[in-house]
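Coordinates in review
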Amino acid sequence: WGATPGGGIAMRRGELLCAMSVLSLATAMASRSQRGALSRGLSLLPGVGRNPAPADNAALAFSLVSALPAALRNSRSLCASGRPRPQLAPMRVALRPLTMQAQGEAQAPAKQAGGAEEGLRRNFISNMIEKDLESKLHSSIVTRFPPEPNGYLHIGHAKSICLNFGLAKEYGGVTHMRFDDTNPVKEDQEYVDSILDDVRWLVSDSVGGADPWSGKVRHASDYFDTLYEAAVYLIKNGKAYVDSLTADEMKEYRGTLKEAGKDSPYRTRSVEESLALFEAMKNGEVDEGVHIVRMKIDMSSPNIKLRDPAMYRVRKATHVMTGDKWCIYPMYDFAHCISDAVEGITHSLCTLEFEDHRPLYDWVLDAIKDSGLITSPVMPRQTEFSRLNLQYTVLSKRKLIQLVTGKYVEGWDDPRMPTIAGIRRRGVTPAALRLFCERIGISKADNNIDMSVLEDCSREVLEEDALRAFAVLDPIKLTISNWPEGKVEEFEAEIHPKRPELGTRKIPFSGTVMIDREDFSEDPPKGFFRLVPGGQVRLRFAYVVTAGEMVRNAAGKVVEIKCTYEAETRAGFTPEGQKRVKGIVQWVDADAGLPATVRVYDRLFSTPAPGKDHEDDDFLKDLNPDSLQEYKNAMVEPSLKDAQPGSHYQFERVGFFYVDPKDSAAGAPVFNRVVSLRDNWANKEGAAGGKGGQKQAAAKAAPAVAPADVEDVLRLEIRVGKIVSCERHPDAESLYVEQIDLGEATGPRTIVSGLANYIPLEEMAGRMCTVVCNLKPAKMRGVISAGMVLCGADKEGGTVEILEPPADAEVGELVTFEGFGAPTPDPVLKSGSAQKVWPRVAVDLKTDGEGAAMYKSGRMQTAAGPLTCKTLKNTPVG
């Protein structure tokens, strides 16, 4: 396309679609550096804002697209010559086909998937909200985050925080911050303060405002008067009563999952007597445990939660918010739903363990709807999603308390803890944690996320943000014997190789430097390219040196290596005819370097599921003995003399580090390792130790999935489909030609499958199926097939069954793999190497003993549940 002299854009229809695709690509860039580069480039152009929003009309789109070449030339991602720098990794971005409306304008793009800043990935909850807004059930949405103030938040809460605040932002609503403070015995102001601080840290910069929630901080205790009135209303209307059974008797009367419960002998207590007893409870005239108020529902219900659940109990304890006003306190299931309704919450989102509570939630609201206590026109709706299960750690509050009280960690904010306080002190950024929550997605299927997903998110964010520096964790002196006495040189190095606008740093070199002990070996293993006796190595940015005499202490340990240097090899230069030295090591000048403490943190446990392999389930037996290695004699380059607590650095060849805000002091910085430069757990067992993870842990760890395997499975685009029509192939009796709806704007795809010998034609149309969508289109006996229908196959029995999604799965939904995060599919797997992706994944696809499709140890799943074959178990899927 080309710009006309008048400033307009002359385009044919094909060029128009091409331009819109380019714009879609630009705005969907996955790399923050690429988005930043484009934004900065556009900001230098006349009349174009710094942060261009997605185009809402064709004219704006055309002007932005025409500006892209100049914008990219202006960006920091290009060299002065206009040629791209090679460090930007290739992206795989799936572009949604664009269609033209009758007026010739571009169709409005769908919401983009991305981090909290770019919009939420679509899921069954966002689909539900969109339907509610479209149907006018709600004019806007109100969500809430309601933690109990009886402990520190952990990474599982981060998923809920990001979901609730993210949905509200995405759909123009608000989120309430409300403490469920109904149990004064376990609550503490310390927990309140830490929770508020964690929520601000995680989402304030993505949602906006110092406090990301709407209005004041709310408490369930704000509604104690309303809750009391609701309880009186239920008693008066025969829907609640005061029970006098003991706790053991109540348990006996409740029944079991297989046996119905029995009515309490006090269930028929008169309304007047129950009201009088409830008043006595409120006035402090009844001891704890003597009476309890119960809802009168159904003692024979198959849902135990509905067997006359407790509603109020006596607790003679001072409350943080209400003091000694009350000595009766509502139970969670009673207070939670009414608090939601009073606040006008539209969507009450909670994890799956509360699924059995939903009928009780609805019962309470229905029972008080005519009481006049609730003014909201529409009652809130509870919706559950799967909780976060993270490998190599524990999220149970009981187990976390055991770790703290047993002194296995140094407190709730120990950087090895999965608490948000611990994650923060480790140095994980809010952006990285939000990216993690985005990638693991939202569904109803149980998932078990590998720790590597969180680590990868940290690497991705810190690679863009962390400044570079040299550090030596376990120093050994290297003295250059032929260095001119008293001479000091300075070498110039980039502060950040991908952000030249930050400038450079000066690194002094006096001829005596410290290198890391791991970079020297007297008895090197095969493939060791660093310093050895008589060998050469390059000191990064400086010279090539050759090791000579070794000086030892009384114990025989090498404490100094005397070397010679080659002056003509300065700053990376290799003289003509001289072989290039393979080994490059970082160093710190012995005179100018700064002392520091460096803490190398790793996973707290050495197995993915702590305690699972022990008969007594003792998770403490799986503690990783190398989860912390502290280097108190480390040295860092002098540019870090002003390193501020809370700042991030990449120690070259070592990892990403964070200046500890708690233990650092002027002149005595403490650096915490956030994450290693690469996944040290992927290809070998044990925890990583020291620099580069070369030291193996003593404790045995289960092998993790190699990055290549994870990459392969995430490159596949597998979607839920519905067979619209099916007919026999005109030239092959064993083949069907199906039209399958995959939720695409372009309509159903034509897909050829070999199912004619296994499934009758009349059973095909209308069936749900699972389709691999991004394989290279193939011609099958003259018909182009644009995908592959996944099936289970019992070769010996001659049975083939379609791999079916749950009945509630949505057409077009992207299938995920348990434990592997969110897929990032290739547009089309058409290159020679890309075509090998599917065969590599297929060898590990099978059904388990229940017929559920598995990839390695994780299920294939949708938001509504796993994919299954009806009768085939333990068979291959392909």
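Residues numbered from 1 in each chain as written. Predicted model: local features only at pLDDT ≥ 70, side-chain atom pairs only at ≥ 80, totals over all residues. Heavy atoms only, no water.

On to the side chain of Arg 505, then. Mapped onto the secondary structure, Arg 505 falls in strand β16 (residues 504-509). Residue class for Arg 505 comes out buried when judged on its relative accessible area of 6%. A polar contact of 2.5 Å, which involves the side chain of Arg 505, links it to the backbone oxygen of Glu 494. A polar contact is formed between the side chain of Arg 505 and the side chain of Glu 637, at a distance of 2.7 Å. When sequence neighbours within four positions are dropped, the list of residues in contact with Arg 505 reads Arg 468, Ala 469, Phe 470, Phe 491, Glu 492, Ala 493, Glu 494, Ile 495, Phe 541, Glu 637, Ser 639 and Glu 652. (Helix = DSSP H or I, 4+ residues; strand = E, 2+ residues; numbered from the N terminus. Buried < 20%, exposed > 50% of the residue type's maximum accessible area, 1.4 Å probe, protein only. Polar contact = N/O pair within 3.5 Å; in protein donor to acceptor, adjacent residues only side chain to side chain. Contact = heavy atoms within 4.5 Å.)

Sheet architecture is open: 7 strands sit in the order β21-β18-β19-β20-β14-β17-β22, paired in mixed fashion. Each of the sheet's edge strands pairs with one partner strand only, and the pair in question is β21 (584-585) and β22 (588-589). Examined bridge by bridge, strand β14 (residues 475-480) and strand β20 (residues 558-566) share 4 bridges and lie parallel to one another. Residue Leu 478 lies in a different strand from β20, and its bridge partner there is Ile 561. (Pairing = 2+ DSSP bridges.)

This part covers the environment of Gly 865. Following the sequence through the fold, Gly 865 ends up in strand β43 (residues 865-866). A relative accessible area of 5% places Gly 865 in the buried class. In this structure, the C-alpha to C-alpha distance between Gly 865 and Ser 443, residues 422 residues apart in sequence, is 7.7 Å.

Among soluble globular proteins, nonpolar side chains are generally buried collectively. Residues Ile 155, Ile 161, Met 177, Val 199, Leu 202, Leu 433 and Phe 436 are the most contacted members of the largest nonpolar core, which totals 43 residues. Going through the elements one at a time, α5 (155-170), β4 (174-179), α6 (189-207), α13 (420-426), α14 (430-440), α15 (451-465), β26 (655-659) and β27 (670-675) are the ones with two or more residues in this core. Core analysis: the next-biggest nonpolar cluster, separate from the first, contains 38 residues, Ala 230, Ala 231, Ile 297 and Leu 306 among them. (Core = buried A, V, L, I, M, F, W, Y, C linked by side-chain atoms within 4.5 Å.)

This part takes up the packing of aromatic side chains. In this structure the tally under the stated criterion is 25 aromatic pairs. On the basis of an interplanar angle of 25° and a centroid distance of 4.6 Å, the ring pair of Phe 651 and Phe 657 is categorised as stacked. With respect to burial, Phe 651 and Phe 657 carry one shared label: buried. Three or more aromatic residues joined by ring pairs make a cluster, and in this case those are Phe 470, Trp 483, Phe 491, Phe 509, Phe 541, Tyr 543, Tyr 565 and Trp 587. The positively charged end of Arg 603 is found above the aromatic ring belonging to Tyr 392, 4.4 Å away from the centroid. (Phe/Tyr/Trp six-rings, centres within 6.5 Å; stacked < 30°, edge-to-face > 60°. Lys NZ or Arg CZ within 6 Å of the ring centre and 35° of its normal.)

Here the focus is empty space enclosed by the protein. Evaluated as defined, the whole model comprises 6 cavities of 30 Å³ or more. Looking at the largest cavity, its volume works out to about 240 Å³. For the largest cavity, the lining is made up of 20 residues, of which Pro 415, Ile 423, Arg 426, Met 451 and Leu 454 are closest to its centre. Broken down by secondary-structure element, the contributors of at least two residues to the lining of the largest cavity are α13, α15 and β27. Class assignment of the residues belonging to the lining of the largest cavity gives a composition of 13 nonpolar, 2 polar and 5 charged. (1 Å grid on protein atoms, 1.4 Å probe; cavity = no way out; pocket = protein on both sides within 12 Å on 5 of 7 lines; lining within 4 Å. Points joined across faces, edges and corners; volume = space filled by probe spheres on them. Nonpolar A, V, L, I, M, F, W, Y, C, P; charged D, E, K, R; others polar.)

Right, let's get into the pattern of salt bridges. Applying the stated rule across the entire model yields 55 salt bridges. The partner of Arg 267 in a salt bridge is Asp 308, and the shortest N-O contact between them spans 2.6 Å. Of the two residues, Arg 267 is situated in the loop between α8 (247-254) and α9 (271-282) and Asp 308 in the loop between β7 (292-295) and β8 (310-314); the sequence distance between them amounts to 41 residues. As far as burial versus exposure is concerned, Arg 267 and Asp 308 are alike and both buried. The salt bridge involving Asp 413 is made with Lys 662; its shortest N-O contact spans 3.2 Å. Here Asp 413 is found in the loop between α12 (397-405) and α13, whereas its partner Lys 662 is found in the loop between β26 and β27, with 249 residues between them in sequence. Overlapping salt bridges bring together Asp 413, Arg 425, Arg 599, Glu 630, Asp 660, Lys 662 and Asp 663 as one network. (Salt bridge = Lys/Arg side-chain N within 4 Å of Asp/Glu carboxyl O.)

A separate point is helix α7 (residues 224-236). A rise of 1.5 Å per residue sets the reference length of α7, with its 13 residues, at 18 Å; its end C-alpha atoms lie 18 Å apart and thus fit the reference within 8%. Buried within α7 we find Phe 224, Leu 227, Tyr 228, Ala 230, Ala 231, Val 232, Leu 234 and Ile 235. Positioned one or two residues after α7, Gly 238 has a phi angle of 70°, which is positive. (Expected span 1.5 Å × (residues − 1).)

Glancing now at the confidence of the model for the protein chain. This prediction gives the protein chain a mean pLDDT of 83; 82% of its residues lie at or above 70. Under a pLDDT of 50 for its full length, residues 1-16 has, in the predicted model, 24 contacts with residues more than four places off or in other chains. Note that pLDDT drops below 50 for residues 27-66; the model gives that stretch 71 contacts with residues more than four away or on any other chain. (pLDDT = per-residue confidence, 0-100.)

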